[in-house]
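Take a look at the letters that make up each chain.
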Amino acid sequence: MDATEAPPDNESAATPPLPIPTYSSGTTPRPKIAILVVGMHRSGTSALARTLNACGCDLPENLIPPLPGNETGHWESRVSVALSDEILASAGTTWDDWEPFNTAWYDSPVADTFRDRAQEVLAGEFGASRLFVLKDPRLCRLLPFWVDAVQRFGAVPLVVSPIRNPLEVAASLAARDLFDPEVGKLIWLRHVIDAEASSRELKRVHVRYDDLLVRHRTVTDLIADRLGIVWPRRSTAVDLELDGFLSPTHRHHRSEDALVIGDSAMSPWIRTAFAILDRWTRDDVRDDDTAALDRIRTAMDEAGRTFSRAVIVGRRVARHAGELTAALDSTRQQVAQLSEAVAQRDAQIGGDRARIEALEAAVRAATEAEQAAVTNSDVQRAALEARIAELDAAIRESETQLATLHTTVDHRNAEVAALHTTVAARDAEIAALTRSVHDRNAEIGALHSAISSRNEQLVAAGTELASRSDELARWTARETASQERTAELERAVACRDEQIGALETAISQRDLQIGAIHQAVAARDAEIAAMRSSTSWRITAPLRETRRAVASFPFSAVGFPLMLGARALRQGPRGPLRDWRGARAVARSDLFDAGWYLATYPDVAAAGIDPARHYVVFGAREGRDPGPKFSTRDYLVRNPDVAAASINPLVHFLLFGGREGRSALPPIAPPHRAERRSRAEPESTPFGDVYAGSDNLARAERVMAARMPAARAFLPGVSVVILNLNRPDLIVPLVDDLSRVRERFFPDGNFEIVIGDTGSRDSDVQALYDAAPPHLTVVRDLVYQFSRSNNICFFGHVHFDKVLFLNNDVRISENIACIADMAAELDRDPNAGAVGLCLYFEDGTLQHGGIDFFTNGPLKGFCHHPGARTRPTDRQDRRQVPAVTGACLMTRSLLFAQLGGFDEGYEAEAQDIDLCLKIGRLGHGITILDRGPIVHLENATRPRGDEHWDDRRRFMRRWSSWIETSLL
């Protein structure tokens, strides 16, 4: 249908009439509205502010004039910008700082002064305006301050945030302010995430700068719709006005969004933040967007505290390089000006010289012409003479002129000499300036190299921070799993509580049974007492005395010769005679200590047997020692021919070995070991031979009481005790690895390191101690003795309920989780008393897989490392073993304290095995875990072959009988 034709009747009836504009003044005055343009520098804030002004928003009274880099105008208040700069300076920052703004500033007394000044600024700039626009990129950093100021001014703050591609912003900052593009991206990220976080409680809308340039009508409609406002100026004329103002030609830097969002090399913070804000401009808001932005903001705040110093120094260096470059350009301009002046002066001197040479040539030509005329004709002599007279006058006049010219030339020559002097001085200045410029160029080159290095460090730091962010996400997931595990454990604890209730019921029943047994025992004791008081018991007493006398008779002064005589009748005289001579030699020797023998072997004392005869006949075959100065087993090990002949070792030494040059003692230790032995505690210390004798438990309890005079409570966690002497190549990486264990597996801080230092003087080790973090305690100036040094560290400085004794030459870097696994093993098994790790040599062969004992042969009862120097084929995750090495031993702190710590009677060896056997004798298990290549650099801090025979003899005296009866 033609536009001029009338519509059919049915169409006319169906089309609603156009609305008639109405006006209502209303009864409630509308509040003042302040539209805050909150956007990063170079992101189109100026264009957006001018657009809102064209739609009816009032601008400030005192505008910043157009400047190079923004020729169409800034459209922002000169007064408010100056106030914002003062606020930033009072908080110790600037607009181009990428660190977080000091939020404590808002609570300082200074803030109140600025709040009052802000009211003066708003009143002076906007007066009674009901709708105005306040634009300043610094609002991104100071939005809480200006929102409060606007509200105090009686206006409702509404936020419009222009978003621009960060690559374009960085390029624009580099062109205008000579910023490094990487720094520009950091500043962009700080501005947009701070602006977003501070505007969440306000009405706000995000728009793209690109859309504003090509679709300003759509953008302004979107702003009005989102903020719930109406534009006073809205017409075709306004659209045409904006068409002339907004032009894509004003956009000097362009970059595709895919180069940000799709570039894996770009910082994940920038990629994520730009992707979220870009979606918001299209009304695509997701539930987890703000949480993601909060994570970026938190990570960036933490990075600021770590890397801001490097960034500030780098930017200062770059600024200084720019100043040097400007000074160099100025110097070059001065040199060019001087060169031009010298060239002009040289041209002047050349013209003067040419004029002088022309006059001299004219004089010579005139003289030659006159001479030719005289020689041509005598007739003309008179005329010529007259002419000569005239010429003479002319010559005199020329000479006068020539003299004048010579004077002028002399003056000019003087001027030329002065100019040459000036030029020489200028040449010297130019040479000095050239050298200065060369030095400045070298300095600028060095600065550029430093800036490049700092930029590389910054990029690496960004990569590391991104990695840490990913790791944080993984830890969050692990925390969730840990919470689920905690819930499972709580359910298990509830189940265990039920089991404990059942056990308590069973114990009550058992107590009743024990009571019944006690009653039965009391009845039996009454029967025994009645029996011993009976007549028959008194009558048979001589028979019992006779039986005891008969049992001890073979070892008496009379019975021993008779027993030997009987043996001589059965076996021949040689063996009994040797025993007779041997008993006499043993009894007279200072190597046999009768008192020590009876105290060490109370069963011999209880039987009333002569100790020397018992040792000769039975003791040596049972592996017993005749005294502290002679080891039966050691002599047999060092003299296998004696062992093969079944001869008593002490008797052999006294009758034959001494004359043959054999030694009664093991090889003498090196001097430094002997010196250490001289400082050992005497046998009477609280940690002497406490387990020799029959009443071991009671004596152990006395030692425990001496070590632990009062009860001690330990907190849940792990303490690591390390002894160290110098060796920074071992202790520094080990502390780093343990700090990683604390950070990853003990985030609550229930992990500590205690280093017992035995005299380190190395500067790197001292630097480690001086910079020790709170979780590292250093106990200095210890005198090395393994047991005592570890005990001092434990009883004085350990706070947690699990303690790990760790050598400084154990490497855990390949699997730092092994420490957490050891602690988990103690938590998993309430009966576990100690946990160790399989340790390996650097070539991958086994160094320690648990400690066991020889079951037969002359070394029966001695400890050894099964499978050492082999590559295990049947590796097990966990095994029960008799003992583990003290190079890596974790136990319960309370149990270690109750046992009195390591026995300080041991000087260098066997204290770890001694501790494990004590734990096992109390009914606890010893577990060893295999967690892969945990390397032990055995003997890295102790010379090879530095055995301690006194410790070995002490261990065998204490434990040989228990090992044979309980373990073999």
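Here the structure is a predicted model, which is why all the values come from computation and not from measurement.

Asker: Sorry if this is basic, but what is going on with the overall build of the protein here?
Answerer: In terms of regular secondary structure, the protein is built from 32 helices and 18 strands. Taking all 968 residues of the protein together, 41% fall into the buried category. Considering only intrachain contacts with a sequence separation of at least 6, the fraction spanning at least 24 residues in the protein is 75%. Total accessible area on the protein stands at roughly 51,800 Å², and carbon and sulfur atoms take up 55% of it.

Asker: Just checking my understanding: could you explain the packing of helix α31 (residues 911-921) against helix α32 (residues 949-966) for this structure?
Answerer: Two numbers describe a pair of packed helices, the interaxial angle and the distance between the axes. Their axes nearest at 12 Å, the elements α31 and α32 cross at an angle of 35 degrees. In this structure, α31 meets α32 at a crossing whose hand is left-handed. The segment α31 lies against α32, with I913, D914, L917, K918 and R921 engaging F955, R958, W959, W962 and I963.

Asker: What is the right way to look at the pairing of strand β6 (residues 751-757) in this model?
Answerer: Along any regular strand the residues' side chains alternate between the sheet's two faces. With seven of seven residues buried, β6 is to be regarded as a mostly interior element. Alternating positions in β6 separate into two faces, F751, I753, I755 and D757 on one and E752, V754 and G756 on the other, with burial throughout. Here strand β5 (residues 715-724) runs beside β6; their pairing, made up of seven bridges, is parallel. Following the sheet pairing, V720 is matched in β6 by I753. Regarding topology, helix α26 (residues 728-745) serves as the crossover connection from β5 to the parallel β6, and that connection is right-handed. In this sheet, strand β7 (residues 776-779) lies alongside β6 in parallel orientation, the contact comprising four bridges. Among the inter-strand pairings, I753 is bridged to a residue of β7, identified as L776. Note that the unit made of β6, helix α27 (residues 763-770) and β7 has a crossover that is right-handed.

Asker: Is there a simple way to explain the nonpolar core in this structure?
Answerer: Generally speaking, nonpolar side chains in soluble globular proteins are found buried as a group. L36, W105, W146 and L189 are the most contacted members of the largest nonpolar core, which totals 63 residues. Sorting elements by how many residues they give to this core places helix α5 (residues 139-152) first, with nine residues. In contact with W105, not counting residues within four places along its chain, are I87, S90, A91, V110, A111, F114 and F145. If you look at the next biggest cluster of nonpolar residues, it comprises 42 residues, including L846, L917, I919 and I926.

Asker: I tried to follow the sheet that holds strand β8 (residues 800-806) on my own but got confused; where do I start?
Answerer: Whether parallel or antiparallel, the strands of a sheet pair through hydrogen bonds between backbone atoms. Strand order in the open sheet formed by eight strands is β7-β6-β5-β8-β16-β10-β17-β15, with mixed pairing between adjacent strands. Across the chains shown, the open sheet's two edge strands, defined by having one partner strand only, are β7 and β15 (878-880). Mean inter-strand twist for the sheet, computed between neighbouring axes without regard to direction, equals 20 degrees. Both β8 and strand β16 (residues 888-892) contribute to a ladder of five bridges, which runs antiparallel. For L806, the partnering residue across the bridge sits in β16 and is C888. Where helix α28 (residues 786-797) meets the sheet, it contacts β5, β6, β7 and β8, and its direction lies at approximately 145 degrees from that of β5. Across the sheet, α31 is in contact with β10 (832-837), β16 and β17 (925-929); its angle to β16 comes to roughly 35 degrees.

Asker: What is the right way to look at the packing of aromatic side chains in this model?
Answerer: Any pair of aromatic rings gets described here by the distance separating the centres and the angle formed by the planes. Under the counting rule described, the total for this entry stands at 28 aromatic pairs. Arranged with centres 5.6 Å apart and planes meeting at 40 degrees, the rings of F592 and Y597 form a pair that is tilted. Here the aromatic rings of Y597 and Y615 are separated by 6.1 Å at their centres, their planes lie at 85 degrees, and the arrangement is edge-to-face. Taken as a pair, Y597 in helix α18 (residues 594-600) and Y615 in helix α20 (residues 611-619) lie far apart in primary sequence, 18 residues in all. Owing to a relative accessible area of 0%, Y597 belongs among the buried residues under this scheme. Feature note: the residues F714, F786, F794, F795, F805, F896 and F902 constitute an aromatic cluster, connected by ring pairs. Lying across the ring of W75, R50 places its NZ or CZ 5.2 Å from the centre. The positively charged end of R869 is found above the aromatic ring belonging to F841, 3.5 Å away from the centroid.

Asker: Is there a simple way to explain the packing of helix α4 (residues 109-126) against α5 in this structure?
Answerer: Contact geometry of α4 with α5 gives a least axis separation of 9 Å together with a crossing angle of 55 degrees. As judged from the angle between their axes, α4 and α5 are oblique. Crossing handedness for the pair α4 and α5: right-handed. Note on element contacts: α5 touches α4 through F145, W146, D148, A149, V150 and R152, opposite A111, F114, R115, A118, Q119 and L122. Taken together, the residues of the contact of α4 with α5 sort by class into eight nonpolar, one polar and three charged.

Asker: Even after reading the chapter, I still don't get the confidence of the model for the protein, so can you show me in this structure?
Answerer: Should the pLDDT be low somewhere, the predicted coordinates at that spot are not to be read in detail. Model confidence for the protein is summarised by a mean pLDDT of 78, while 77% of its residues fall at 70 or above. Confidence over residues 1-25 falls short of pLDDT 50; this stretch has four contacts with residues more than four positions distant or in other chains. Overall, residues 667-711 carries pLDDT values under 50, and its contacts beyond four positions in sequence, including any with other chains, amount to 57 contacts.

Asker: When you look at the pattern of salt bridges in this model, what are you seeing that I'm missing?
Answerer: For side chains of opposite charge, pairing can occur when their charged atoms come near one another. By the definition in use, this model includes 50 salt bridges. Each of D821, E825, R828, D877, R878 and R931 takes part in a single network of salt bridges with overlapping partners.

Asker: In this structure, what is going on with a nonpolar patch on the surface? I would like to understand it.
Answerer: Where nonpolar side chains cluster on the molecular surface, the patch consists of V637, F854 and L859 and spans about 200 Å² of accessible area. Secondary-structure assignment places L859 in the loop between β13 (852-853) and β14 (863-864).

Asker: Mind showing me how you'd approach the sheet that holds strand β3 (residues 155-163) here?
Answerer: One open sheet holds the four strands; their spatial order is β2-β1-β3-β4, and the pairing between them is parallel. With one partner strand each, in any of the chains shown, β2 (131-135) and β4 (204-208) form the two edges of the open sheet. Adjacent strand axes in the sheet meet at a mean angle of 25 degrees when their direction is disregarded.

Asker: How should the state of the cysteines be read in this particular structure?
Answerer: Two cysteines, two sulfur atoms, one covalent bond between them: this is a disulfide. One pass over the structure, following the stated rule, counts zero disulfides. With no disulfide partner, C818 has as its closest neighbouring cysteine sulfur the one in C888, 6.5 Å distant. Residue C818 is classed as buried on the basis of its relative accessible area of 0%.

Asker: Would you mind going over α32 with me for this structure?
Answerer: Because the α-helix completes a turn every 3.6 residues, residues three or four places apart line up on one side. Helix length check: α32, at 18 residues, gives a terminal C-alpha distance of 24 Å against a target of 26 Å (1.5 Å per residue), a fit within 8%. Remark: the principal bend of α32, roughly 55 degrees, maps to W959. Among the residues making up α32, those that are buried are D951, R953, R954, F955, M956, R957, R958, W959, S960 and I963. Considering only its buried residues, α32 is in contact with α18, α21 (632-638), β13 and α31.

Asker: Would you mind going over the pairing of β3 with me for this structure?
Answerer: The buried count for β3 comes to eight of nine residues, which makes it a mostly enclosed element. In this structure, strand β1 (residues 32-37) lies alongside β3, joined through six bridges in parallel fashion. Pairing of I33 across the sheet is with V156, part of β3. Pairing analysis gives five bridges linking β3 to β4, with the strands arranged parallel. Along β4, the bridge assignment pairs P162 with V207.

Asker: What should I look at first to understand unusual backbone geometry in this one?
Answerer: Outside of glycine, negative phi angles account for most residues, and trans bonds account for most peptide bonds. One non-glycine residue, R42, lies in the positive phi region at around 60 degrees. Turning to its location among the elements, R42 is positioned in the loop between β1 and α2 (45-54). If you check the backbone angles, D283 has positive phi at about 65 degrees while not being a glycine. Along the chain, D283 falls in the loop between α12 (268-281) and α13 (289-376).

Asker: It is not clear to me how the side chain of S161 should be interpreted in this structure. Could you clarify?
Answerer: With respect to the element layout, S161 can be found in strand β3. Residue classification places S161 among the buried positions, given a relative accessible area of 6%.

Asker: I would appreciate a short explanation of the environment of D225 in the present structure.
Answerer: Summarising the element assignment, D225 is placed in helix α9 (residues 216-227). Residue classification places D225 among the exposed positions, given a relative accessible area of 60%.

Asker: Sorry if this is basic, but what is going on with α12 here?
Answerer: Compared with an ideal rise of 1.5 Å per residue, which puts 14 residues at 20 Å, α12 spans 20 Å between its outermost C-alpha atoms and is within 8% of the ideal. The buried count for α12 comes to 11 of 14 residues, which makes it a mostly enclosed element. Taken residue by residue, α12 has W269, I270, A273, F274, A275, I276, L277, D278, R279, W280 and T281 as its buried positions. Of the residues one or two after α12, D283 is the one with positive phi, at around 65 degrees.

Asker: Which parts of the structure should I look at to understand the environment of E182?
Answerer: Here E182 lies in helix α7 (residues 181-198). Judged by relative accessible area, E182 falls into the partly exposed class, the value being 33%.

Reading the values: the criteria
Residues numbered from 1 in each chain as written. Predicted model: local features only at pLDDT ≥ 70, side-chain atom pairs only at ≥ 80, totals over all residues. Heavy atoms only, no water. Helix = DSSP H or I, 4+ residues; strand = E, 2+ residues; numbered from the N terminus. Buried < 20%, exposed > 50% of the residue type's maximum accessible area, 1.4 Å probe, protein only. Contact = heavy atoms within 4.5 Å. Areas by Shrake-Rupley, 256 points an atom, 1.4 Å probe, with all protein chains shown as cover. Axes fitted to C-alpha atoms, helices over the stretch in contact; angles between N-to-C directions. Left-handed = near helix turned anticlockwise from the far one by under 90°. Pairing = 2+ DSSP bridges. Right-handed = clockwise from strand over helix to strand, strands pointing away. Core = buried A, V, L, I, M, F, W, Y, C linked by side-chain atoms within 4.5 Å. Phe/Tyr/Trp six-rings, centres within 6.5 Å; stacked < 30°, edge-to-face > 60°. Lys NZ or Arg CZ within 6 Å of the ring centre and 35° of its normal. Parallel < 35°, antiparallel > 145°, perpendicular 65-115°, else oblique. Nonpolar A, V, L, I, M, F, W, Y, C, P; charged D, E, K, R; others polar. pLDDT = per-residue confidence, 0-100. Salt bridge = Lys/Arg side-chain N within 4 Å of Asp/Glu carboxyl O. Patch = residues over 30% accessible without salt bridge, like charges linked within 9 Å, V, L, I, M, F, W, Y side chains within 5 Å. Disulfide = S-S within 2.5 Å. Expected span 1.5 Å × (residues − 1). Bend = angle between axes of the 7 residues up to and from the residue.

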